[in-house]
Amino acid sequence: MKYGLFSDIHGNLEALRAVLDALKGEGVDKYICLGDIVGYGANPRECLKLIKDLNPLAIAGNHDYAVVNLTDLSYFNSNAKEAILWTQNQLKEKEKKFLSALKLVHNFPNFTIVHATLKAPEEWRYILSTYEARENFQLLTTPLLFAGHSHIPIVFEGNAHYRYDFRKTVNLEEGRKYIINIGSVGQPRDGDSRASFALYDTESHMVHIRRVEYDINGAMRKIIEAGLPKILAWRLSQGE
Ligand code: ZN
């Protein structure tokens, strides 16, 4: 089985299109969306449509829930808040219903997906250290967790002792556990402005984190034209 995974799209249609184009030739059997389809970017409705058409297994991110009032706005900084309120005005009832119905965690037979953390997923914390990874490994009932939220691709692994690195190819070994953050489609924050996504092949036990260039200028222009905070456009060009 081949899974195509993507996360943190944030209404960036140009980046989403580039990722889906790249995944098209990979023989993906099932798409998985780790949340934050909306927020920040100028095309939340178009991104929702494209993603719904893939019939993915999708879970909720903090921006998705904030737009439908399932997460309090006090969690967000002022730019994010402004974009969430703007997005609330754009979406139709049907689209809001879709976001409201998304769950926080999903268990496949051999792996698990969550947007933020397994420990209190609704609190939208981050897994950025081995200490935070340990809390999540202890709650993980499968050998592998895919997450998003930080917009920084990173691989945690171990069994009793945990470590992390930033490799892009992971050969899953038996007896070890993994937490893999697949990075962000629509707002990368690791200094690499290219859109990030992942492929997981259950037969070869390989996970590949991939990057693809997209029309950043187009996405930036739309953010400015929509009247969204200009910094949300600028950060795309920096991968911040
Ligand atoms: Zn996000």
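Everything numeric here is computed off the predicted structure, so don't read it as measured data.

S.K.: Explain the overall build of the protein here, please?
M.R.: What the protein contains, in helices and strands, is 8 helices and 12 strands. Relative to its length of 240 residues, the protein is compact, with a C-alpha radius of gyration of 17 Å against a globular reference of 18 Å. Projected onto the principal axes, the alpha-carbon positions of the protein cover approximately 50 × 35 × 30 Å. By residue count, 56% of the 240 residues in the protein fall in the buried class. Nonlocal contacts in the protein, meaning residues at least 24 apart in sequence, comprise 70% of its contacts between residues at least 6 apart. Put simply, the protein shows about 10,500 Å² of open surface, and 49% of that area lies on carbon and sulfur atoms. If the 29 positive side-chain charges of the protein are averaged to one point and the 29 negative ones to another, these points end up 3 Å apart.

S.K.: Sorry, what's going on with the coordination of the zinc ion here?
M.R.: Four donors placed tetrahedrally around a metal ideally meet at 109.5 degrees, and six donors placed octahedrally ideally meet at 90 or 180 degrees. In this structure, Asp8 (OD), His10 (NE2), Asp36 (OD) and His151 (NE2) serve as the protein donors to the zinc ion, at separations of 2.0 to 2.4 Å. Angles of 84 to 176° at the metal separate the 4 donor atoms of the zinc ion, which places the site in the irregular class. The sequence pattern formed by the donor residues of the zinc ion is D-x1-H-x25-D-x114-H. With His10 in the loop between strand S1 (2-6) and helix H1 (13-24) and Asp36 in the loop between strand S2 (30-33) and helix H2 (44-53), this residue pair connects regions lying 26 residues apart in the sequence. You'll find His10 and Asp36 in the same group, each marked buried.

S.K.: Explain the environment of Ser74 here, please?
M.R.: Tracing the chain through its elements places Ser74 in the loop between helix H3 (62-67) and helix H4 (78-90). Taking relative accessible area as the criterion, Ser74 reaches 61% and is therefore assigned exposed. Residues Ser74 and Arg17, 57 residues apart in the sequence, show an inter-C-alpha distance of 32 Å. Side-chain polar atoms of Ser74 contact the side chain of Asp72, separated by 2.7 Å.

S.K.: Just checking my understanding: could you explain the sheet that holds strand S5 (residues 112-114) for this structure?
M.R.: The strands that make up a sheet pair up through hydrogen bonds in the backbone, lying either parallel or antiparallel. Read across the open sheet, the 6 strands follow the order S4-S5-S6-S10-S7-S8; overall the sheet is mixed. Each edge of the open sheet is held by one strand with a lone partner, namely strand S4 (105-107) and strand S8 (162-165). Recorded for the sheet is a direction-independent mean angle of 15° between the axes of neighbouring strands. Judged from the 3 bridges that link them, S4 and S5 form a sheet pairing that is antiparallel. Residue Val105 lies in a different strand from S5, and its bridge partner there is Val114.

S.K.: Before we go on, may I ask you to explain the sheet that holds strand S12 (residues 206-212) in this structure?
M.R.: A sheet is described by the order of its strands in space; here 6 strands give the open sequence S3-S2-S1-S11-S12-S9, paired in mixed fashion. Of all strands in the sheet, those bounded by a partner on one side alone are strand S3 (57-58) and strand S9 (169-171). Alignment of S1 against strand S11 (residues 195-201), held across 4 bridges, turns out to be antiparallel. Each residue of the ladder has a partner; that of Gly4, found in S11, is Leu199. H1 rests against S1, S2, S11 and S12 of the sheet, and its axis sits at about 30° to S11.

S.K.: I'm lost on the pattern of salt bridges in this one. Help?
M.R.: Pairing is possible between side chains that carry opposite charge, provided their charged atoms lie close to one another. Per the stated rule, a full pass over the model turns up 15 salt bridges. Here Arg176 and Glu157 are joined by a salt bridge, their closest N and O atoms 2.6 Å apart. One end of the pair, Arg176, is in the loop between S9 and strand S10 (177-181); the other, Glu157, is in strand S7 (residues 154-158), with 19 residues separating them in the sequence. Here Glu157 falls in the buried class, since its relative accessible area comes to 6%. Residues Asp165 and Arg167 are paired through a salt bridge, measuring 2.9 Å at the closest nitrogen-oxygen approach.

Rules and cut-offs
Residues numbered from 1 in each chain as written. Predicted model: local features only at pLDDT ≥ 70, side-chain atom pairs only at ≥ 80, totals over all residues. Heavy atoms only, no water. Helix = DSSP H or I, 4+ residues; strand = E, 2+ residues; numbered from the N terminus. Rg over C-alpha atoms; globule rule 2.2 N^0.38 Å. Buried < 20%, exposed > 50% of the residue type's maximum accessible area, 1.4 Å probe, protein only. Contact = heavy atoms within 4.5 Å. Areas by Shrake-Rupley, 256 points an atom, 1.4 Å probe, with all protein chains shown as cover. Lys, Arg positive; Asp, Glu negative; His and termini not counted. Charge placed at Lys NZ, Arg CZ, Asp CG, Glu CD. Donors = N, O, S within 2.8 Å, 3.2 Å for Na, K, Ca; no water. Tetrahedral: all angles 85-135°; square planar, octahedral: opposite > 155°, others 65-115°. Polar contact = N/O pair within 3.5 Å; in protein donor to acceptor, adjacent residues only side chain to side chain. Pairing = 2+ DSSP bridges. Axes fitted to C-alpha atoms, helices over the stretch in contact; angles between N-to-C directions. Salt bridge = Lys/Arg side-chain N within 4 Å of Asp/Glu carboxyl O.

Keep in mind these numbers describe shape, not what the thing actually does.
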